[in-house]
Amino acid sequence: MNAPRALRAVRAEWTKLRTLPSTGWLILLTIATTVGLGLAITGSLDYTHCDTPCTLDTTKLSLAGVRLGQVGILVLAVLTATAEYSTRTIQPTLMAVPRRFLVVLGKLGVLAVLGTAAGILAVAGSLAAGRGVLPGNGFTAAHGFPAPSLADDLTRRAAIGTVLYIGLITLFGAGLGLLLRDTAGALTTALALLYGSPIVATFVSDPKWQHRIHRFSPMDAGLAIQSTRNLAAEHIGPWAGIGVLSVYAAAAVVSGLVVFQLRDAR
Amino acid sequence: MTARESFPRLLLAEWTKLRSVSRWAITLLGAAALTVGLSYLAASGNKTDINAHPNFVTGPRGEPVADDFYFVHQQVTGDTTLTVRVASLTHEPDRDAADMGSGQMTKLDDPSPFAQPAAGIMIKDGTRPGSSYASVMLTAAQGVHMQWDFHADRKGSTSSGARWLRLVRSGNTITGYESADGVAWQKIGTATPKNLPSTVEIGFYVSSPGAVYTSRGGGGSSVGERPTSAQAAFDNVQLASGGTWHGESIGDAGRLSEKGGDRGSGRVTEANGAYTVVGTGKVGPQPPDDDMVEAALIGVIAGLMALIAVGVLFATSEYRRGMIRTTFAATPRRGRVLAAKAIVLGTTSFLVGLVGAVGSFVLAVPILRKQGFTAPAFPEPSLLDGSVLRALLLTAAFMAGVAVVGLGIGVLLRRSAAAITITIVLVLGPLIVGMILPGTSPKWLMYTTLAGGMATQRAKPPTITLAEPWAMIGPWAGIGVVAAWVALALGFAWWQLRRRDA
Amino acid sequence: MEPTIEVRALHKRYRTTVAVDGLSFTVRAGEVTGFVGPNGAGKSTTMRLILGLDAADEGEALVNGRPYRSLRTPLTHVGALLDASALHPGRRARDHLLWLAHSNGIGKRRVSEVLDQVGLTSAARRRAGGFSLGMQQRLGIAAALLGDPPVLMFDEPVNGLDPDGIVWIRGLMRSLAAEGRAVLVSSHLMGELEDTADHLIAIGRGRLIADTSVAKLLAAASKDRVEVTTAQRAEATTALANAGATVTVTGPETVVVEGLPGDRVSALLTGAAIPFSELRRHRASLEEAYMDLTRGAVEFAPETGAPATDGSVR
C-alpha cells in the first residue's frame, strides 16, 4: 500500500466530514448528552438514602451518561458510510480513490480519531460534573467517597475504558453501515443490538440466561469496564467486556469491508 | 369528486404506496416474524422454580396466597356470632434496611388493603394456611375492612381509634358489622367464602405484612423484605358458645420463604378478659412478580424496531426524491394525506403487532409451562381470558402507536437517520436509564415517555416488588401515554406540513 | 503515451440482463468521440466499467494503457461526469471539489480555477442541495476538469443545460479535444452531437453497431438520396414511388427520395408535369444516419475492417 495514497484518502475523508455541519452537531450531541445524563444521575443520588456501608459506584454512575450519549457518535459513524449510497456520492468517491480498501481505511481512521476525541471530552466532562455534584449530595472523602481522580488505578481504567468504548461503537456503526449500505437498516440494527439486549435480559427470569445475555450484549459487556466497586457483581471482567465489544466491531468492520470490496458500487 | 368520496381513495392510494415497496412489505412481515421468533427463543431461556420453592400457599381458588398471622381461636359448629372490641393497634416503627445489598434502599408502600397491619376477627376453615376464611378488621391506616378468601375486600368506616367488630355466621353467609360504642352497629358487607364447613375455627387475630425495600443501581435491581409486627389489645370478647381460646401462629411452621428474614413469633397474653396479641405476617394475595403473558411477549422489542423503521421510511421516502410534491399536488389538503398515512400505517402495524403478539403467546406459553410456569403460582392463561386479550390487543396497539409516532417524527424531520434514531431512543432510552436510576424515580419516566407502553404486556396487575421499570404503571396508563405521544407527534407534523413548502 | 480509452471484449451481465456484450473500441486523443445508443443500450454501464465502479465479467477496459483501479491519482488521468446529482445536499459546492482535490493531491488553487471555468464562482459557497439541474451539471463538469486530465468522459452532459449552456459545453468539448485530449461524450440524442463529435461509437443492446468517423457516416447515409422541394407533394410522391423509389416526406413541401439517381428523379418529375423548385443532394443529419444504422440500413464496418453490425444485411 502506497503511503501517500493512504494519506490522501484519509485527508479526503476528513475534508468530507469536516465540511458537513451535521458532523459538528452530532459530536456536540454526544458530548452534551453523555455529560448531561451523567449529571442527572449523579444529581439524583443521595448519601443519606444509601445503606451503611454505602457501596454505590459513583464513578460508574458519573460515566453512565454514555449509555445515551453514544447515539450521537453512532449516527455519525453509520451516516459516514451509508450517506455515500443514499446521495450516490459513492461514485465520485470511488472514482477519486478506486482502491476500496483505502476508502474504508480513510473513513474508519477519521471516525476513530473523532470518536476518541469526543470520548475524551465526554469522559472528562462527566467526571468533572460528578466531582462538582457528588460532594454536595454527601459523597465526600469523609464518607468514603474521595473525589474521582485519574491517579487512582480503577478510575483511570474506567475513564480509558469508556473512551475505548466510544471509539469501538464508532467502528461498529461504520462497519454496519458499510455492510448494510442502508441508513435505516444499519441504524435500526445497531440500536436494536445495543439497547435491545439489556432489555431482553430483564424480561428473562432465569438468572443463568440473564448472565449470558449480559455477558454478550455489546453495551453491557463493553461498559463493564466502568465499574470501580463491586467488581465481582459484574457479569464479565472489565477487559473481557471490551474484548466482547471489539469482536462485534471487528465483525462489522470486516464484513463491511468484504462486502464493499466485492460488490458493485450501487 | 366530493370531499367525502376522495378520502377512501386517498386511503387506498396510501395503502398502495405502503404495500408496493417490497422492502417495507418484507420488513413488516419480518416484524411479526422477529416478534414471534425472539419470544420463542427467550421463553426457552426463561425458567422459574417458584412452585418448588414457593413463598406462598394455595388459596381456595387455587391461586397463590399468603396466610400468616397470629390466631386466638376456638372451634365452633353451625351458626354463630363473635363480637370483639379492638382497643388499640400499634405497628412497630419501620426499621432501616440494612444488609440488603449495595445501592440505595427505598421502602415501597403497598397501597393494597391486604398489605395493612390489621387486628380483627376471623372465621376460618380450620387452621391450614390457605384455607377459606372471612374476616373483619381494623387496619393501621385504612380504617375498617371486611375481607374473605384472599381476594375480596369491602371498605368500612375510616376510623382509626378503638372499634367494635362483629361477625355473624348464618348458613354459608357471613355478615360483618362495626360499631363505635358496641350498641349501634353498621353493616360492612356480606361475605360468601367458598364452602365454609359447618365446623370452623373462629377467633381474633393480628397480622402485620413485611416491609418491602427495593434497590436499584448500576444496571441491576434487587428487592428485600423485612418482617414487621403489630400489637393489638382486644376486650369485650363475646362468643355465643363458651370454650377456651387457643392462640397459635398460623402459617409459620415448615414454610420456606424466598424473601428471608426471621418471622418472629406471635403471642397472646390475657389479663382480666382483655387480650394482648402480637402477630406478624400477611393475609392476602401473593402473586409472583413475573407475568406469564409478559414473559411470552419478549419479542415485541424486536418487532418494534422493525415497525419504527417502516413508519419513519413511510414518511421520509416522500421527501427523498421530491415525491412529496406529487403527493400534495394530487391532494392539496395536507392534513388528509397525513391522516391517511397514519391510518394506513397504524392499521397495518396493529395487524402485524397482533399477529406477532398472538403468535408469540401461542408458541411461548407451552414452552414457559414446561419451564416451571404452572399452577398454582401461574394459572394457565387462555386466549379467552379478559386480561390476556387485553394484554395482546394493547400490545398490538402499542406497536402501532410507536410506528405512527415514527411517521410523525419522520414528517417533522424529513431525514430518516434522525427520525429513526430519535424514535428508537424515545422508546428504549428511558428503559435503559430507568434500570440505572435508583428508587422509584423511573416511574415518572414511564408516565412521560413511550417506554411506558411496555406496561401493556402484563396481564396481571403489577406487584409491588417488580424490578422492571415499565411494570410500575398499569397497562391502560401505558397505552394512554402512547396515545398522547401519537397525538403530539401527528399534531406537530400537521402543523409543520401546513406551514412549510413541500 | 497518447491518451486513450481502450475497451476490449467487455462483457457485463446484471442478474438476467446482459448489459454489455463483447464490446470493443478505442477512443483517441485530439477528437471528440460521440458514444451513442438508445436508452438502455449500455452506455452508462460501459462508462462505469471503464471507471472501475462495477466489475466486468470478462474483457478489460484500459485508460492510457492501464486499468483504472491501478492509477495512483486517477483524477489526473481521467475526468468523468456520470451522475451530476451525486452530491451531498448539505455540503457546499466548493467543499465537494475540495475533498476530490485532496483525495488526489490536487492543489486548492485548482478548485477556484475550475469553478471559474464553469461559471460557478458566485455559487461556490452555496450548499449543493439548493442547486438547479444546470448548476449541478456545471459542478460535475468542474469536478471532471479538476485534475486537468488528458482523458475526459461525459455522460449526457447537456442534460438540464439551457441553450447558452449547450453552446458553451459544445465549445468546451471541442477546445478540450483541440488541446490534444481524448473526449468521450455519450448521448441518446444524435442532434446534440451534431457539429461536435468527430468520431462516433454506436451501440445497441450492449453490442457495437458502428465505430466510424462522423464524416464517413454522413457521407454514406447521404449518398443516393435526393431532396426535392415541390408544391405538389402528393403527386410527386406517387410518381416517384411508382418508379420504384423509397420516398420519405420530410416537410410540407419536401420529400427525400432514395433509390433513384438525381437526374432520373428530375426526368420523372418533369415528365409527369410536376413542378419542383429545388432538387439537391440530400445531406443527411446525424440523426438520420443513426436511424439508418440502427435499422440495419447501412452496414458499416469500423476502420479495422471487422464486421460491426449485428449481422443484418440489406
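Residues numbered from 1 in each chain as written. Chains lettered and ligands numbered in written order. Predicted model: local features only at pLDDT ≥ 70, side-chain atom pairs only at ≥ 80, totals over all residues.

Draft legend 1. Expanded view of the interface of chain A and chain C. Listed per partner, the contact involves 26 residues of chain A and 30 residues of chain C. For the side of chain A that touches chain C, the elements supplying multiple residues, two or more each, are α1 (3-18), α2 (21-44) and α5 (90-96) of chain A. No other element matches the 7 residues that α1 of chain A contributes to the side of chain A that touches chain C. (Contact = placed C-beta atoms within 7 Å. Helix = DSSP H or I, 4+ residues; strand = E, 2+ residues; numbered from the N terminus.)

Draft legend 2. Molecular detail of helix α8 (residues 183-203) of chain A. All names here are of chain A. Compared with an ideal rise of 1.5 Å per residue, which puts 21 residues at 30 Å, α8 spans 29 Å between its outermost C-alpha atoms and is within 8% of the ideal. G196 marks the point of greatest bend in α8, at about 40°, and the proline P198 comes within the next four residues. By the criterion of burial, α8 is predominantly enclosed, with 19 of the 21 residues buried. (Expected span 1.5 Å × (residues − 1). Bend = angle between axes of the 7 residues up to and from the residue. Buried ≥ 20, exposed ≤ 12 C-beta atoms within 10 Å, placed from the backbone.)

Draft legend 3. Layout of the sheet that holds strand β13 (residues 199-207) of chain B. Residue and element names in this part refer to chain B. With antiparallel pairing, 7 strands are arranged side by side in an open sheet as β9-β8-β7-β6-β13-β3-β17. Single-partner strands in this sheet number two, and they are β9 (152-155) and β17 (246-250). On average, adjacent strands in this sheet sit at an angle of 25° to one another, irrespective of strand direction. Across 5 bridges, strand β3 (residues 69-77) lies against β17 in antiparallel orientation. (Pairing = 2+ DSSP bridges. Axes fitted to C-alpha atoms, helices over the stretch in contact; angles between N-to-C directions.)

Draft legend 4. Expanded view of the interface of chain A and chain B. Chain A puts 36 residues into the contact, and the matching count from chain B is 43 residues. Breaking the side of chain A that touches chain B down by element, the ones donating at least two residues are α2, α3 (58-62), α4 (66-86) and α8 of chain A. With 13 residues, α8 of chain A is the single largest residue contributor to the side of chain A that touches chain B.

Draft legend 5. View of the sheet that holds strand β2 (residues 17-27) of chain C. Residues and elements named next belong to chain C. Pairing is antiparallel across the open sheet formed by 3 strands, whose spatial order is β2-β1-β4. The open sheet terminates on both sides in strands that have one partner only, identified here as β2 and β4 (58-63). On average, adjacent strands in this sheet sit at an angle of 20° to one another, irrespective of strand direction. Note that strand β1 (residues 5-14) and β4 share 5 bridges and pair antiparallel. Each bridged residue has a counterpart across the sheet, and for H11 the counterpart in β4 is E58. The strands touched by helix α1 (residues 43-50) are β1, β2 and β4; relative to β1, the strand with the most contacts, the crossing angle is about 115°.

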